[in-house]
Amino acid sequence: MNQANHAALTEAGLATRFGADWPGRRCLAKTRAGGACQNPAIKDRSRCKLHGGKSTGPRTEEGKARSIAAHTKHGRRSREHVEKVRRSMLNCGGLPTSLSGTG
Ligand SMILES: [Zn+2]
């Protein structure tokens, strides 16, 4: 392989090589070692095939509910709970006048 041939091959392989200078998007997932996953991301996504890039998420209502349940820690920030607290604040007249700054 001569020098010109090497340059041409390097140029031709740029699109499919995943070295340090690869121009495409990298997966943004955090690895168990603490670093960033360096795999190429799936097209139009920010994760590789190993980190959920191919997943389109739950489709059925049952699956969506199961996903929400699996990702809920305590529910104190859920829309339902926040609405409930807001309603109870309105029902009791909001803040006491001593705290509202107008009295
Ligand atoms: Zn990844």
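Bear in mind the structure is a predicted one, so any value in this text is a computation, not a measurement.

Conventions and cut-offs
Residues numbered from 1 in each chain as written. Predicted model: local features only at pLDDT ≥ 70, side-chain atom pairs only at ≥ 80, totals over all residues. Helix = DSSP H or I, 4+ residues; strand = E, 2+ residues; numbered from the N terminus. Contact = placed C-beta atoms within 7 Å. pLDDT = per-residue confidence, 0-100. Expected span 1.5 Å × (residues − 1). Buried ≥ 20, exposed ≤ 12 C-beta atoms within 10 Å, placed from the backbone.

Trainee: How should I be thinking about the overall build of the protein chain in this particular structure?
Mentor: Each helix and strand counted, the protein chain has four helices and zero strands in total. Its helices and strands in sequence order give the protein chain the pattern α-α-α-α, from N to C terminus. Long-range pairs, those at least 24 residues apart, make up 2% of the contacts in the protein chain with a sequence separation of at least 6.

Trainee: Can you help me understand the confidence of the model for the protein chain in this one?
Mentor: Should pLDDT be low for a region, the predicted coordinates there are not to be read in detail. In this model, the protein chain carries an average pLDDT of 83, and 85% of its residues clear a pLDDT of 70 or more. Model confidence for the protein chain, summarised as mean pLDDT per element, is weakest for helix 4 (residues 97-100) at 56 and strongest for helix 2 (residues 61-70) at 93.

Trainee: Got a minute to help me understand helix 3 (residues 79-91) in this structure?
Mentor: Residues lying three or four places apart along an α-helix face the same way, a consequence of the helix completing one turn every 3.6 residues. Relative to the 18 Å expected for 13 residues at 1.5 Å per residue, helix 3 spans 18 Å between its end C-alpha atoms, a close match to the ideal helical length. Within helix 3, only zero of the 13 residues are buried, which leaves the element largely exposed. Gly93, located one to two residues past helix 3, shows a positive phi value of around 90°.

Trainee: Whenever I open this one, unusual backbone geometry confuses me. Can you help?
Mentor: Backbone geometry places Asp44, a non-glycine residue, at a positive phi of 65°. On the secondary structure map, Asp44 appears in the loop between helix 1 (3-13) and helix 2.

Trainee: Explain the environment of Cys37 here, please?
Mentor: Within the fold, Cys37 resides in the loop between helix 1 and helix 2. Separated by 11 residues in the primary sequence, Cys37 and Cys48 place their C-alpha atoms 8.4 Å from one another.

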